[in-house]
Amino acid sequence: MRSSAGDASDMPDPTDSVDVLKRKFAAKGLSASDLVVLNGAHTIGTTACFFIEDRLYNFAADGDADPSINPEYLTELRSTCPKGGDVNTRLALDRGSEFQFDKEFLENMREGNVALQSDSSMYQDGSTRGYIDSYFGLLGGLLGPSFESDFADAIVKMGQVGVKTGSNGKIRTVCSAF
Ligand code: HEM
């Protein structure tokens, strides 16, 4: 058994383009819609300022911010994560709704109110935008697709990625130790 930093290159990075994210998910058998729906997990939790600094102060290396950020939200983000400030400061991934599992995060994606670049680019990119919009159609949550139930299906699918069975691999009895 081994633990290797190199394996982390398979992991999605918040500065990855949507194309790269789609490729990384596809390599694990997960579709573009799985990507968008699973990314909806950002309806919960926080990020460190570390991951958004460049987006606030050095986007496209011209000292400016990512233009896809809603101007009002940009002021808020810059105040929480001042230039040269503590990069470990944490802020909600889902503005105003970080403790609720709901569609608010998807709405925030549509309005330019999300902190991570990857969360924003999934709405900017025409190949993934439709999945987000589909949860806000005329039929709404009644007859239209349900984010909550699609998330449940996708997380079960993700739980099956790379599972070793039989004599392939070992089950750790103490998770933190070899
Ligand atoms: C699509 C690619 C994804 C990228 C680029 C990404 C990136 C990130 C980053 C940078 C953070 C902040 C980490 C920190 O500051 O500690 C984060 C937090 C989080 N991510 Fe993702 N993520 C992705 C997909 C997912 C998926 C598929 C799930 C689960 C199904 C997920 C669940 C979470 C949760 C719950 C948090 C909050 C953690 C906390 O509050 O400590 N993310 N993600």
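Counting from 1, residues in each chain are numbered in the order their sequence is written. Whole-chain, interface and lining totals are the exception, using all residues; otherwise, since this is a predicted model, local features are given only for residues with pLDDT of at least 70 and side-chain atom pairs are given and counted only at 80 or more. Heavy atoms from the whole structure form the basis of all side-chain values; hydrogens and water molecules are not counted.

Novice: Explain the packing of aromatic side chains here, please?
Specialist: Within a pair of aromatic rings, the relevant descriptors are the distance that separates the centres and the angle that separates the planes. Centres within 6.5 Å are what make two rings of Phe, Tyr or Trp a pair, Trp counting through its six-membered ring; a difference in plane orientation under 30 degrees is then read as stacked, over 60 as edge-to-face, and the rest as tilted. Evaluation of the coordinates by the stated rule reveals five aromatic pairs. Taken together, a centroid distance of 5.0 Å and an interplanar angle of 65 degrees make the contact between F101 and F151 edge-to-face. Here F151 lies in helix α9 (residues 147-159) and F101 lies in the loop between β2 (90-92) and α5 (104-110), a separation of 50 residues in the sequence. Per-residue accessibility, obtained with a 1.4 Å probe over protein chains only, is compared with the maximum for each type, and a residue is labelled buried under 20%, exposed over 50%, and partly exposed between these values. According to the relative accessible area criterion, F101 is partly exposed, its value standing at 34%. For the ring pair Y135 and F147, a centre distance of 5.9 Å and an interplane angle of 75 degrees mean the geometry is edge-to-face. Of this pair, Y135 sits in the loop between α7 (126-133) and α8 (140-143) while F147 is found in helix α9, placing the two residues twelve residues apart along the sequence. When its relative accessible area of 1% is taken as the criterion, F147 is described as buried. A ring has a charge above it when a Lys NZ or an Arg CZ is no more than 6 Å from the ring centre and no more than 35 degrees off the ring normal. R110 extends its terminal NZ or CZ atom over the ring of F136, reaching a point 4.1 Å from the ring centre. It is R129 that lies over the ring of Y123; its NZ or CZ is 5.4 Å from the centre. Each helix is a run of H or I in the DSSP string that is no shorter than four residues. Each strand is a run of E no shorter than two, and both are numbered from the N terminus.

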